[in-house]
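Notes for the structure review
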Amino acid sequence: MADNAHKATTEELVRHLEVRKKLDALKLARAAQRSDEAVGGAAAGAGDAAVGGGAAAPGRLAPRIGGMGRAAFIESIKRNNADLAAKGVHNEELGKYLSDQGLLLNLQEHVPIVIPPAITVPSASTAPPSSAPTVPASARARILERARQMAEAKARNKLLDPSSTTKPENISRNDSGNNTQNLSGNTTQNQSGNTAQNQGNTTLNVSENSLVVTASTHNLSGLSESKTKNLTDEGIVSGSFGTSTHAGTDGTAGTAGTGELVDRDKFSLLPTYPPKKRGEKGREFNASANIVRLTVKQDMGVYEYSVQFNPPMDNIREKKRHIRRFTDTIGATYKFDGATLWLPILLRKLHNVFSITSESGEPVLVTIRPVRRVELKNALHFFNVLFNKIMEILKFVEIKRNHYDPLAPMMVPQHKLEIWPGYVSRVHETDGGLMLICDTSFKVLRNEFAYDIIREVTKRGGGNLKNTLEKVLVGQIVMTEYNKAQTYRVDEIDMETTPQSSFINYRGESQTYINYYKNKWNIDIKDHEQPMIVFRERRKKQEEFNEERLVYLVPELCRMTGLTDAMRANYGVMKDVALFTKVSPDQRQQALKKFLKKVNDNPEASQILNDWGLALDTEPIRMKGRILDPEKLVMGKGSKFTVNLKADWGRDSTNNSSLVSVPLKTWHIVCADRNTAVVKGFIELVRKLAPKMGMDVTQPTLSIIQSDKTDLYLRDLKEKINGSTQIVVCIVPLQREDRYGALKKFCNVDCPIPSQVIVAKTISDERKVTSVVQKILLQINCKLGGELWGCSIPLKNLMCIGIDVYHDPSRQRPSVVGAVGSMNCTMSKWYSDCRLQETKGQELIDVLTICLGKLVQKYRELNKCFPDQIVLFRDGVGDGQIDTVALHEAVQIERFFTTMKFNPEFIFIIVQKRINERFFDLNGSGKYQNPPPGSVIDHTIMRVQYYDFLLVSQHVSQGTVTPTHYVVIKDTSKFSPDIVQKISYKLTHMYFNWPGTIRVPAPCQYAHKLAYQIGEHVKMEPSMLLMERLFYL
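Before going into details, it helps to say that this report is about the structure given with it. (Residues numbered from 1 in each chain as written. Predicted model: local features only at pLDDT ≥ 70, side-chain atom pairs only at ≥ 80, totals over all residues. Heavy atoms only, no water.)

**Looking at the packing of helix α22 (residues 737-750) against helix α28 (residues 1002-1018)**
Axes are the key here: two packed helices are described by the angle between their axes and the distance separating the axes. Stated precisely, the cut-off is as follows: Helix axes are fitted only over the stretch in contact, all axes being lines through C-alpha atoms; the angle between N-to-C directions runs from 0 to 180 degrees. Secondary structure elements follow DSSP: runs of H or I of four or more residues count as helices, runs of E of two or more count as strands, with numbering from the N terminus. Crossing handedness is defined as follows: a turn of the near helix away from the far one that is anticlockwise and smaller than a right angle gives a left-handed crossing, while the clockwise case is right-handed. Working rule for contacts: check all heavy atoms of both residues, and any pair within 4.5 Å makes them a contact.
Two numbers describe how α22 lies on α28: the axes approach to 9 Å, and their chain directions differ by 115°. Viewed along their axes, α22 and α28 form a crossing whose handedness is left-handed. Taking contact as the criterion, the partners of E737, Y740, G741, K744, K745, N748 and V749 in α22 are, on α28, Q1013, I1014, H1017 and V1018.

Take a look at the structure:
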């Protein structure tokens, strides 16, 4: 019976359109007789009837189609969407009928979307259709007055209640050339000066891809994400409690009258995350963090108001000037962008109307209406702007979103360096409320200018001067101190343009750079013949279009920043710089307290916070943390050991046999003749150390070439490699990117074979050569398919996957996806896959699913079954991308599992390394120190919207340890937070390139190494023959 009922066709629906006409008449008659009861029902949120041709209330006036009730009728629409698309979707009568039944039909997908019926009230000056009974004027007037009172009361209640989930939203002015008459009878004039009146019925707007219907906001909370995806911000119109609007032809909403406003947040397609969870296992310790609590004072916050000028006013400066005149009403603390006003308080009146005179002498009415109290998560950018202002008051200079103090430089004269101390400050909403994250930062400046480098290169001469200069300068970051320490990247050196050259300024006038700097900055350019530095400023425009603007800079005004490659390679320079930049936890927290004191002691800075109802604590936050138990690792011959407190097992890894050792029987070495003696010593040491590590190594074949030319290395490899060669070792005199890339391309693509490239200098120091050769042997064992050590995970058929993406800095070459998955229970055997994203605009997930398919199929091949649980760690995702990944990648990966016809328990975790949060162990004497490896924080300072935790997995002897942020965006498993945290910590022990813990789970680091080597050097997909080995270490 039910199946037959669900087979209602479009023709049957159309035959019942006559029923709708009769219902319209009946509804109008009922409204006239029971107007007070109808309004009272609307106030209760469950009215018995709708007035003025609106939708029937559920269960009362809804017709029964083919013997079906409302729910069955809706289900029949869903079941017959293809038939509707073919026969009835463009039928005007059917469309209106569906609308009256509370149905919204998506024209793109022909999927009916259920919309609860709207309660609408006709306008006072609007006559009902002549074919329907007329509502008496007295009843209509009572309805209008009652609806107006209810709307004002309800809107004020929602603004006063910060815990309310429904926030009234402002409705923007109609730009289509029509006007709207609101409930109070005031007519708003639009840009074209035309006027229109609303008919008081539900307004249905059909835009290109969506239908917009007025609806009662308190009934819309039940809409699913898929059902609301076409209700865009541009097309939402309010219709509850009598608010009548005409929607513009472009899909934007018209001018609103008095009434409850639509909550746009409910229409946003937002990802859903697993519920908040906290772990329990581990030893507790007293913890602190570089985080300070921000308290919002009672009855204060950020309130958003819409500001309407009638007639409209286009000049934003004039608008702002008029708003300043209303400070007696709105107060002296506000922010206004020309359309929206933000205040720290709620104004007493719901409508604040001011009469002003424009610059042209025309009278203008300004109406300020409350929209909503902005939730903390939506006001974070606003709070960050306030702290930027505070930094400016404290005389800090902003450089790339961080702030530095140029008045307290630290000098390193022996290396001609200057270091500016500063802070990274961000406001976040956390489990414990509003928090300010404040971390120390340092900016290294060189006491030389780009002009000095140009002069030095010019004096040396030789070759093409432009090419030589660009090799030295392109990619460097320079700072111009005359315009608040702005920084620029050097993209080009223009030898044809000089300070004497002219450019067109913003007035359209021709002006030389010499005159510009003199008039604008009072700076005299000394060398009028110097070439100019070019910075290509790329601005993101609408959709995919980018606009590029060339900025010309004078070299003698451009100060060099950062350390050169030569400085980074100089141990003495880095050691001296570290004395200033590597601060201990205690020094870091003292610097934070010093900053808090500066803010609170500065009257102007503290007044900004006070004006917006904010109070900043004077001490960093304190809480409880947990320390996970040390890990136990297993090596060859059944030996086991517990990792020490420093999370380092270098001696154990070299004094014990590897878990799985591969004999090295046939291998080949090629080197330049000048390194012959070093290479022979290397071979002897390898054969001496290998047995202790469980490896059987025989004498290699050795080729000595006359020079270090790349083609000589490649020619030798082509001649000497045969089917039995296990690995080739290339020993080079110097590190050169081009040679390294050519060798790796040959060995990874052209002639698939594991390879090891060694710089001769690293095996030349007799004091360190033993430890270096031991690490090289461990790498060679991994590249042959060996396993160094394993961890104990009691879960059967668990697979852990790491994914990372390499993006070419120039954006000229394809991005590279690296994916690495575990193949056994000890997490010691790995399979890799790597894909190039060849097509521009291709979705990353298209490549990811191919990689995952390879990993899962390989797991099945080796274990004779699919994994029961999959934990996927996704690296390379910033805060701004988390929602995108949650919505797109996690969902698509689950669909991939369905395609593969298996349903594992699935956890999708984002791993973030570049974070500003730090937490510390607060000992009994009140000193701050680094927390030990295994320390976890999963409450108080964690993001309020995520299931996340911070984990410290490394031991740091100098400076402050940086935790790793783990965000669980999908979890269909039965794992407790303790298990998720324990798995994450165990995997930080499984990176074979280092006998100690690392900051991220091993599969993430493997995926990073793979993607980087292929994207940076090889630039082609490697051979599948190498994927069972860690050939990229």
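Having put the structure on the table, let's press on.
**Points about a positive patch on the surface**
Note the following rule: Here the term patch refers to residues with relative accessible area over 30% and no salt bridge, with like charges joined within 9 Å and nonpolar side chains (Val, Leu, Ile, Met, Phe, Trp, Tyr) within 5 Å. Each accessible area is a Shrake-Rupley result for a 1.4 Å probe, and residues are judged covered by the shown protein chains and nothing else. Any carboxyl oxygen of Asp or Glu that lies within 4 Å of a side-chain nitrogen of Lys or Arg is treated as forming a salt bridge with it. For the charge count, each Lys or Arg is scored as positive and each Asp or Glu as negative, with His and the chain ends excluded. Note that the charge is assigned to NZ on lysines, CZ on arginines, CG on aspartates and CD on glutamates.
A grouping of R317, K320, R324 and K335 is seen on the molecular surface, where their side chains present a positively charged patch. Tracing the sequence through the fold places K335 in strand β8 (residues 335-336).

**Structural notes on the nonpolar core**
This is how it is decided: We call a set of buried residues a nonpolar core when its members are Ala, Val, Leu, Ile, Met, Phe, Trp, Tyr or Cys and they connect through side-chain atoms within 4.5 Å of each other. Each residue gets one of three labels from its accessible area relative to the maximum for its type: buried under 20%, exposed over 50%, partly exposed in between, using a 1.4 Å probe on protein chains only.
Grouped together as the largest cluster of nonpolar side chains are 119 residues, with contacts concentrated most on F682, I731, W830, I969, F992 and Y1006. For this core, the leading source of residues is α28, giving eight residues. Not counting chain neighbours up to four residues away, the residues in contact with I731 comprise I669, V670, C671, A672, V679, F682, Y713, I758, A760 and I763.

**What about the packing of aromatic side chains?**
Condition: Aromatic pairing here means that ring centres of Phe, Tyr or Trp (its six-membered ring) are within 6.5 Å. Orientation follows from the plane angle: under 30 degrees is stacked, over 60 is edge-to-face, and everything else is tilted. By definition here, charges over rings are those cases where NZ of Lys or CZ of Arg is within 6 Å of the ring centre and within 35 degrees of the ring normal.
Counted according to the given criterion, the structure contains 26 aromatic pairs. On the basis of an interplanar angle of 10° and a centroid distance of 5.0 Å, the ring pair of F949 and Y966 is categorised as stacked. With F949 in strand β42 (residues 947-952) and Y966 in strand β43 (residues 964-971), this residue pair connects regions lying 17 residues apart in the sequence. We classify Y966 as buried; its relative accessible area is 0%. One aromatic cluster in this structure is built from Y482, F503, Y513, Y516, Y517, W521 and Y552. The ring of W521 carries K520 above its face, with NZ or CZ at 5.5 Å from the centroid.

**Comments concerning the sheet that holds strand β28 (residues 640-642)**
Applicable threshold: Strands were regarded as paired on the criterion that DSSP finds at least two bridges between them.
Pairing is antiparallel across the open sheet formed by three strands, whose spatial order is β28-β27-β33. Two strands lie at the open edges of the sheet, namely β28 and β33 (790-791), each paired on one side alone. Pairing geometry for strand β27 (residues 632-634) and β33, over two bridges, is antiparallel. Bridge pairing links V634 to G790 in β33.

**Some thoughts on the pairing of strand β36 (residues 830-837)**
Burial analysis of β36 places eight of its eight residues in the buried class, which makes it a mostly covered element. On β36, burial covers both faces: W830, S832, C834 and L836 on one face and Y831, D833, R835 and Q837 on the other are all buried. Summarising the sheet, strand β35 (residues 815-822) and β36 pair through eight bridges and their orientation is antiparallel. Within β36, the position partnered with V820 by the bridge is S832.

**Remarks on the pattern of salt bridges**
Scanning all chains against the criterion turns up 41 salt bridges. Residue R372 pairs with E304 through a salt bridge whose shortest N-O separation is 3.1 Å. Here R372, found in strand β11 (residues 363-373), pairs with E304, found in strand β7 (residues 303-310); they are 68 residues apart in sequence, far enough to count as distant. Since its relative accessible area comes to 12%, R372 is described here as buried. For E304, a relative accessible area of 8% puts it in the buried group. Between D875 and K913 there is a salt bridge whose closest N-O contact spans 3.0 Å. Residue D875 is found in strand β37 (residues 869-875), and its partner K913 is found in the loop between β38 (905-912) and β39 (919-922); the two are separated by 38 residues along the sequence. Put simply, K466, E470, E492 and R536 are held in one network by salt bridges that share partners.

**Some points on the side chain of S822**
Topologically, S822 is positioned in strand β35. Once residues lying within four places of it in the same chain are set aside, the contact partners of S822 are L798, M799, C800, M827, K829, W830 and Y859.

**Concerning the sheet that holds β37**
Read from one edge to the other, the open sheet built from twelve strands follows the order β36-β35-β34-β37-β38-β43-β42-β41-β26-β5-β39-β40, with strand pairing classed as mixed. Whereas interior strands pair on both sides, the edge strands pair on one side only; in this sheet they are β36 and β40 (928-929). In this structure, strand β41 (residues 935-937) lies alongside β42, joined through three bridges in antiparallel fashion. Of the residues in β42, the one forming a bridge with S935 is V952.

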